Amino acid sequence: MSFQIKKQSTKYDVCIVGSGAGGGMAAKLLADAGFKIALLEAGPDFDPANKEQRTQLRWPWESPRRGAATTRPFGDFDMAYGGWELEGEPYTQNGNTEFAWFRSRMLGGRTNHWGRISLRFGPLDFKRKDFDGKGDNWPIGYEDVKPYYDKVDKLIGVFGTKENLPNEPDGFFLPPPKPRLHELYIKKGANQAGVPMIPSRLSILTRPVNKERGACFFCNQCSRSCMAYADFSSSSVLVKPAVKTGNVDLYVNAMVREVLTNGEGEATGVSYIDKDDLRDYEIKAKVVILAASACSSARILLNSKSAQHPNGLANSSGVVGKYLHDSTGSSRMGFIPQLVDRERYNEDGVGGMHLYTPWWLNDSKDLGFTRGYHIEYWGGMSMPAYGFGFNTQALKEITGDTSRNAYGTGLKKDVKKFYGATFGMAGRGESIPRKENYCEIDSNTVDKYGIPVLKFNYTWSDEEVKQARHMQDTFEEVMHNMGAVPLGDKPGKETNYGLENPGKIIHEVGTTRMGKDSKNSVVNEFNQAHDVPNLFVMDGGPFVSQADKNPTWTILALAWRATDYLTEQLKKGNV
Amino acid sequence: MDRRESLKALVLGGVGSSLFLSSCVTDKKSPIVEGDIIEEKEGYGRTPAEEKRDEDLYSKTFFSKEEMATISILADIIIPEDEESVSATEAGVPEFIEFIVKDIPEHQIPMRGGLMWINRESNKHFEAAFNEISKENQMEIIDNMAYPRAFEENSPGPVFFRNIRNLVVTGYFTSEPGFKYLDYRGNTPNVWDGVPAYVLEKHGMKYDEGFLKVAMDPATRNEVMDWNNYEV
């Protein structure tokens, strides 16, 4: 085998690494503007309408394991090729760190299976330090991003309702679906407990936004990626039309090793390994955009060492990889006795909750923690999969029925009777970004491509633990008020109140944060590296803090804003 | 049955040869149009690595013939045939259990050990293997496992019975006959227009009037959204 590095003769205007939300948005806009793009994706091509890949509308018995989560962490039908562990691509942990790093290697990345919860950051979210003195402010505010949120809403589509809530900005909303029965029960209890519940804001087309994508047909399976393209997946909604322009060369199974630079310290392209022939290739471009995910982009930068950039590229500040932060998460399951033996109807709805709880205590000063959380809900007559029916007797006993059907027709009837009566609540909160939480290169470990891997250093602080405690108290209060019964034991101090390990909520951001000062930030407010003007980062890396809002909508808006700026710079010949 | 045939059986045992989608969308070029038929293919959207893993598992056999026979007896006692639905074996539960213990190897020792335990009980009390004793004697052993006295709840028999019951129940209710019995109505294209009125009424719930004014309207759901008069 020859190990000669293959060089592409084409020089592209822009090379984009990663085809998720940020990379997809940049590719779409730049291709529309007529630039020649190389789009690199570390996984295979993917189209949810491809029958060889489709999992939508499949039945559990089509899977011999009935959808169990043996090979895909969220079950057989979930549309993420990857997970917390990838064969041959390890990561390591420092000391007592238990960071979980989810990677999805496929066109569109994690946007194929994400929750479609599309929340705008509010004015407060960009300036939290002004109010609690912790962390840092963003160099930009809501007014800078608002026009881009507006454009994203209209291009991609999100349903919701205008609520006029402080710090939960309204947008261009498609009509929301009516709530499900368990959601009405929860709302009753929540409102009695002073906890608001409003229609959720999900990027699912309850009405089409163009003629290329179909309307939602209510199968509840956005996590399987929609063959009608009625949900937002970067592959279906952005990359597909971008490629159609003829201006994009798509490189799949292309695992980027490093960003290449010249003697002047400018980026000249990238080096990647073709996973099919395991050879090294180079792509030359005037501009490089990293959108490989916060940790992958940080890894590429830290591995791009040269004489000019001994600490890795764009890292004169030393903060590449630092300020890594994920959302907090803690959850509880419950049981609604009124839903026992319920009437049957198709209750699928959209792929996610129809109602949610936005953070409602911004004005409280005495909580013991200063950042908020929102609450997500699940429940109803969802499709059974592996694990269904495991605990029927426990539910029965809650209703005071001590009779036992250990087997037989009675057991069968019990399972049927208690179907659709359980539900769950999950808090998703803002953590405070800290320099001590970071990823770095583990110089002792390489992956199967010979690329040095990441080592994680991450602990939660008291703020996040107290927030999780508050979540658990809220869950119980809401359940009590709605007449539901919390299941299992309430997670206590010994488990940090059910606080999930960092990385588990899959909202990790902050590793290439933006700022005005090149001494303590990696990129400027337009996602452009302070040190390398023709290098941009357009994934979650540039987040200074991430609010309690899911990051995707903000990644999209910031990528659009950054691409507008980049387009102008390209036209002026500045990069 | 070889792997291909068993896969085919799983698929054909499912929805039949095609899915009829009734959703209509705005453009003919869209992948789903009223009356479109999506050809059902063998397989369920696996990556090459996943497909290979499935093939490896199918090529191996874990349970012996005798063990499978015991599993089938237990499965049909746990979920018997009755006037409303078929039995566990009819629904393919033993084959599911054979697959799942290879797929999730943590099940292997508890299952095999439990089956050994049953035969020991059977030999101790009836001087023959479980499969060979009378139905009445089998039920005696099963009742001791299924309804243990309090102090025996965590002894091998009852623990094994709870484990295998979980697998039988989950295998049954994730099968096509299980869905039919459960009266599951989802996983099919439709237009969600809220909880049926009679159900809402029964639960004393109603939709908020203000909300209904902005909620998705089935009549206009296929019209491309027009933002001209929309104010944020």
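Residues numbered from 1 in each chain as written. Chains lettered and ligands numbered in written order. Predicted model: local features only at pLDDT ≥ 70, side-chain atom pairs only at ≥ 80, totals over all residues. Heavy atoms only, no water.

Q: I would appreciate a short explanation of helix 5 (residues 234-244) of chain A in the present structure.
A: Three- or four-residue spacings in an α-helix give side chains the same orientation, since the helix completes a turn every 3.6 residues. All names here are of chain A. All buried positions along helix 5 are accounted for by Ser 234, Ser 235, Ser 236, Val 237, Leu 238, Val 239 and Ala 242. The elements touched by buried residues of helix 5 are helix 1 (21-32), strand 2 (37-40), helix 3 (142-156), strand 7 (248-251) and helix 10 (552-572). Gly 246 sits one or two positions beyond helix 5 and adopts a positive phi of about 85°. (Buried < 20%, exposed > 50% of the residue type's maximum accessible area, 1.4 Å probe, protein only. Helix = DSSP H or I, 4+ residues; strand = E, 2+ residues; numbered from the N terminus. Contact = heavy atoms within 4.5 Å.)

Q: Could you clarify how one ought to interpret the sheet that holds strand 13 (residues 373-379) of chain A in this entry?
A: Adjacent strands of a sheet pair through backbone hydrogen bonds, lying either parallel or antiparallel. All names here are of chain A. Pairing is antiparallel across the open sheet formed by 4 strands, whose spatial order is 13-14-11-17. At either end of the open sheet lies a strand with only one pairing partner, and these are strand 13 and strand 17 (485-486). In terms of strand pairing, strand 11 (residues 328-335) meets strand 14 (residues 422-429) through 8 bridges, oriented antiparallel. The partner of Thr 328 across the bridge, within strand 14, is Gly 429. Contacting strand 11, strand 13, strand 14 and strand 17, helix 9 (residues 462-482) runs over the sheet at an angle of about 20° to strand 11. (Pairing = 2+ DSSP bridges. Axes fitted to C-alpha atoms, helices over the stretch in contact; angles between N-to-C directions.)

Q: What am I meant to see in the packing of helix 5 (residues 108-126) of chain B against helix 7 (residues 156-173) of chain B here?
A: Residue and element names in this part refer to chain B. In the contact formed by helix 5 and helix 7, the axes pass within 9 Å of each other and the chain directions differ by 125°. Judged by the inter-axis angle, helix 5 sits oblique to helix 7. As helix 5 packs across helix 7, the resulting crossing turns out to be left-handed. Residues Pro 110, Met 111, Gly 114, Leu 115, Trp 117 and Ile 118 of helix 5 touch helix 7, and the partners they reach there are Pro 156, Gly 157, Phe 160, Asn 163, Ile 164 and Leu 167. Here the residues of the contact of helix 5 with helix 7 sort into 9 nonpolar, 3 polar and no charged. (Parallel < 35°, antiparallel > 145°, perpendicular 65-115°, else oblique. Left-handed = near helix turned anticlockwise from the far one by under 90°. Nonpolar A, V, L, I, M, F, W, Y, C, P; charged D, E, K, R; others polar.)

Q: Teacher, can you tell me more about the sheet that holds strand 4 (residues 92-93) of chain A here?
A: Residue and element names in this part refer to chain A. Read across the open sheet, the 3 strands follow the order 4-16-15; overall the sheet is mixed. Strands at the two margins of the open sheet, each flanked by one partner only, are strand 4 and strand 15 (438-446). Two strands pair when backbone bridges link them, and strand 4 and strand 16 (residues 452-457) are joined in this way by 2 bridges, in the parallel orientation. Its bridge partner lying in strand 16, Gln 93 is registered against Phe 456. Relative to the sheet, helix 6 (residues 294-303) contacts strand 15 and strand 16, its axis offset from that of strand 15 by approximately 60°.

Q: How should the pairing of strand 1 (residues 6-17) of chain A be read in this particular structure?
A: Taken residue by residue, a regular strand's side chains alternate between the two faces of the sheet. Residues and elements named next belong to chain A. The pairing of strand 1 with strand 10 (residues 279-290) spans 8 bridges and is classified as parallel. From the neighbouring strand, Lys 11 faces strand 10, where its bridge partner is Lys 284. Across 4 bridges, the pairing between strand 1 and strand 2 is parallel. The residue of strand 2 that forms the bridge with Val 14 is Ile 37.

Q: I tried to follow the environment of A:Glu264 on my own but got confused; where do I start?
A: Residues and elements named next belong to chain A. Of note, Glu 264 is situated in the loop between strand 8 (254-261) and strand 9 (267-274). What makes Glu 264 exposed here is its relative accessible area of 66%. Sequence separation between Glu 264 and Gly 141 is 123 residues; the distance between their C-alpha atoms is 34 Å.

Q: Is there a simple way to explain the interface of chain A and chain B in this structure?
A: Each partner contributes to the interface: chain A provides 91 residues, whereas chain B provides 103 residues. Carbon and sulfur atoms make up 61% of the surface buried where chain A meets chain B, a total of about 8800 Å² over both sides. Of all residues in chain A, the largest losses of buried area upon contact with chain B belong to A:Trp61, A:Tyr407 and A:Lys412, amounting jointly to 10% of the total for that side. Applying the counting criterion to the chain A and chain B interface returns 10 salt bridges. (Buried area = accessible area lost by both parts, 1.4 Å probe. Salt bridge = Lys/Arg side-chain N within 4 Å of Asp/Glu carboxyl O.)

Q: Even after reading the chapter, I still don't get the pairing of strand 10 of chain A, so can you show me in this structure?
A: Residue and element names in this part refer to chain A. With 9 of its 12 residues buried, strand 10 lies for the most part within the structure. In this structure, strand 9 lies alongside strand 10, joined through 6 bridges in antiparallel fashion. Considered in strand 10, the bridge of Tyr 272 is made with Tyr 281. The hairpin formed by strand 9 and strand 10 contains 4 residues between the paired strands, and Leu 278 there has a positive phi angle of roughly 55°. Strand direction decides the pairing type here: strand 10 and strand 18 (residues 535-537), joined by 3 bridges, are parallel.

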